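The residues making up each chain are set out below.
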Amino acid sequence: MSAMKNSVFSEKIYSFLLAAYRWYLQTPERSLDQAYDAALKIQEIEDKHFKGNKIDIELAIYSKSVMDYFESDLNKLLKTVKMRLTEFRASRWFLNEENQKAAQKAGIEYLSPSLVLEKLNFIDQVISKYTTISDQITSKALVVQPPNLPVNSVISDDKSLLVNTPTLPPKILTQNLDKKPQIKRKTDTMGILPRSLLSTITRLQVELDPNSEQEVIQSFRQTQRRTIISIRFILLLIIVPLLTHQIAKAFVVGPIIERFRNTEQMQIFLNSEMEEEALVELERFEEKLKFQNLIIKAPPLSSEQIEKEMGNKAIELADEFRHESSSAIKNIFADLCSVGAFIWLLLVSKSSIAVLKDFIDNIVYGLSDSAKAFIIILFTDIFVGFHSPHGWEVLLEGVSHHWGLPANRDFIFLFIATFPVILDTIFKYWIFRFLNRISPSAVATYRNMNE
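What this report covers is the structure whose coordinates are included nearby.

As for the overall build of the chain
- Each helix and strand counted, the chain has 16 helices and zero strands in total.
- Counting over 451 residues, the chain shows a buried share of 29%.
- Put simply, of all contacts in the chain between residues at least 6 apart along the chain, 80% involve residues at least 24 apart.
- Carbon together with sulfur atoms contributes 62% to the accessible area of the chain, which is approximately 31300 Å² in total.

Here's what the structure looks like:
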């Protein structure tokens, strides 16, 4: 009977793996079709509501609510096109001759190269209207470089998270974007009048400019959009891996592990530490029985009664540690799924990463020197300070217990003896190389507070 059940289960697993492999082989064609369908929907909206022209949010053809509706649909469709094209390129990169032969054996027919090129040309024609230079300038305007710092701006193709309102960037942020930065020497900055006086005159000119109010409003809107995008992206980086871990553990990995470990012959303990913990728990239970018997002044329990209670407790402990072992195995695969989801989120959110980097830079550069020094001392004392080995030890033991691995004391002590030292070296080099050049006053304050 058990052999029949195993054969039926093996057939189900084989059919599931075969279907998954066919789905993998059909990924390039499926992703291209989905991108093509999204481009067709964009063209349908253009033909039906904008007379074949570009979906321009600034046009006053409809009311604001209707234009917001079109803008939302356009952003979703553009994001779908870009994600599916990325999936198409990645799947074709992994596709080799063996996979093509396997697809032919499985009866999967790929599209002809001419049809693929035709669909790609159509998609490029549709989305090229929405990836113009003005959109790139808007994306650059969201990522503001700090003054006097040679920071290379990161521009991504994903504009759907950045283009939410029809406002234009301030003039001061969009001018001379294509020009290479020129290195100014100290003699070039010297003039007849003091620079403070010239900066005051420039500030008065800006304040008297009739367009300055509009530029301030546009700058505020861009800052607001940057903050919203950054906070939303941070929440996604936290929530998506956690949800992926719980869903994969409960609905994907969990049933498979329980299916294979739902027999009595399976190993209960994954390592010797679990077995020692179970033995200690059993001995403590026996001592507890004897102690309770002495307290209530009842007749002493016979050896048979003690053996019976011990047997029931041993069965209970076996079930508990079998469940703990299964949970540890589930955690390994669920963590891999979470890491995959985290990496995927980083790959498809390049523009959000650029905006988040600029958001963090603005916060860091906006702090005072004392606040910067306080944060530096706090993080260094936590990770590489005098009491940090105890924290690293607890962290490594928790990770080992989470994955069902034995806590190797030699490895933990070797890690504590090397890794914080490497972190401390990298941190000191960062202070000497970069922070000393960016904010010398913060370094001086850090040294004074550290002394």
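Next comes the rest of the write-up.
Regarding the environment of Ile343
- Relative to the elements of secondary structure, Ile343 occurs in helix α11 (residues 303–347).
- Owing to a relative accessible area of 44%, Ile343 belongs among the partly exposed residues under this scheme.
- Distance from Ile343 to Pro241, taken between C-alpha atoms, is 9.6 Å for residues 102 residues apart in sequence.

Quick look at a nonpolar patch on the surface
- Together, Ile231, Ile234, Leu235, Ile238, Ile239, Leu242, Leu243, Ile247, Phe251 and Val252 make up an exposed nonpolar region whose accessible area comes to about 960 Å².
- For Leu242, a relative accessible area of 55% gives the class exposed.

Here we look at the packing of aromatic side chains
- Counted by the stated rule, this structure contains nine aromatic pairs.
- Considering the side-chain rings of Trp392 and Phe419, the 5.4 Å spacing of their centres and the 80 degrees angle between planes classify their relative orientation as edge-to-face. With a gap of 27 residues between them, Trp392 in helix α14 (residues 388–402) and Phe419 in helix α15 (residues 409–438) connect regions that are remote in the sequence.
- A relative accessible area of 12% places Trp392 in the buried class.
- A residue is classified by how much of its surface remains accessible, and Phe419, at 29% relative accessible area, is partly exposed.
- Connected via pairs of aromatic rings, a cluster forms that spans Phe379, Phe383, Trp392, Phe411, Phe415 and Phe419.
- Its guanidinium or amino end placed over the ring of Tyr36, Lys119 lies 5.2 Å from that ring's centre, counting from NZ or CZ.

Looking at the nonpolar core
- Ranked by internal contacts, the top residues of the largest apolar core, which has 22 residues, are Ile42, Ile55 and Ile123.
- Looking at this core, the elements that each hand over two or more residues are α2 (27–49), α3 (64–94) and α5 (113–127).
- No other element matches the eight residues that α3 contributes to this core.
- Discounting residues that sit within four places of it in the chain, Ile123 has contacts with Leu32, Ala35, Tyr36, Ala39, Val81 and Leu85.
- Membership of the second largest hydrophobic core comes to 10 residues, among which are Phe269, Met274, Leu289 and Met310.

What to know about the packing of α14 against α15
- Between α14 and α15, the shortest axis-to-axis distance is 10 Å and the interhelical angle comes to 130 degrees. By the angle between their directions, the pair α14 and α15 is classed as oblique. Crossing handedness for the pair α14 and α15: right-handed. Contacts between α14 and α15 pair Pro389, Trp392, Glu393, Leu396 and Glu397 from the former with Arg409, Ile412, Phe413, Phe415, Ile416, Phe419, Pro420 and Leu423 from the latter.
- Across the contact of α14 with α15, the residue classes break down as 10 nonpolar, no polar and three charged.

About the criteria used
- Every chain's residues receive numbers from 1 upward, in the order its sequence appears when written.
- Predicted model: local features are reported for residues with pLDDT of at least 70 only, side-chain atom pairs are reported and counted for 80 or more only, and whole-chain, interface and lining totals are derived from all residues.
- The side-chain values count all of the structure's non-hydrogen atoms but skip hydrogen atoms and water molecules.
- Each helix corresponds to a stretch of at least 4 residues labelled H or I by DSSP, and each strand to a stretch of at least 2 residues labelled E; elements are numbered beginning at the N terminus.
- In this scheme, a residue with accessible area under 20% of its type's maximum is buried, one over 50% is exposed, and one in between is partly exposed, where area comes from a 1.4 Å probe on protein chains only.
- Residue contacts follow a heavy-atom distance rule, with two residues in contact if any of their heavy atoms lie within 4.5 Å.
- Note on areas: Shrake-Rupley, 1.4 Å probe, and residue coverage restricted to the protein chains presented here.
- A patch consists of residues exposed above 30% relative accessible area that lack any salt bridge, with like charges linked at up to 9 Å and nonpolar side chains (Val, Leu, Ile, Met, Phe, Trp, Tyr) linked at up to 5 Å.
- Counted as salt bridges are all cases of a side-chain nitrogen of Lys or Arg within 4 Å of a carboxyl oxygen of Asp or Glu.
- We call Phe, Tyr and Trp rings a pair once their centres come within 6.5 Å, taking the six-membered ring for Trp, and we label the pair stacked below 30 degrees between planes, edge-to-face above 60, and tilted otherwise.
- Throughout this description, the term charge over a ring refers to an Arg CZ or Lys NZ atom that lies within 6 Å of the ring centre and within 35 degrees of the ring normal.
- Put simply, buried Ala, Val, Leu, Ile, Met, Phe, Trp, Tyr and Cys residues joined by side-chain atoms within 4.5 Å make one nonpolar core.
- The axes used here are C-alpha line fits, helices contributing only the stretch in contact, and every angle between their N-to-C directions lies in the interval 0 to 180 degrees.
- Each angle receives one of four descriptions, namely roughly parallel if under 35 degrees, roughly antiparallel if over 145, roughly perpendicular if within 65 to 115, and oblique otherwise.
- Crossing handedness: left-handed means the near helix sits turned counterclockwise from the far one by under a right angle, and right-handed means the same turn made clockwise.
- Each residue gets one of three labels, nonpolar for Ala, Val, Leu, Ile, Met, Phe, Trp, Tyr, Cys and Pro, charged for Asp, Glu, Lys and Arg, and polar for the others, Gly among them.

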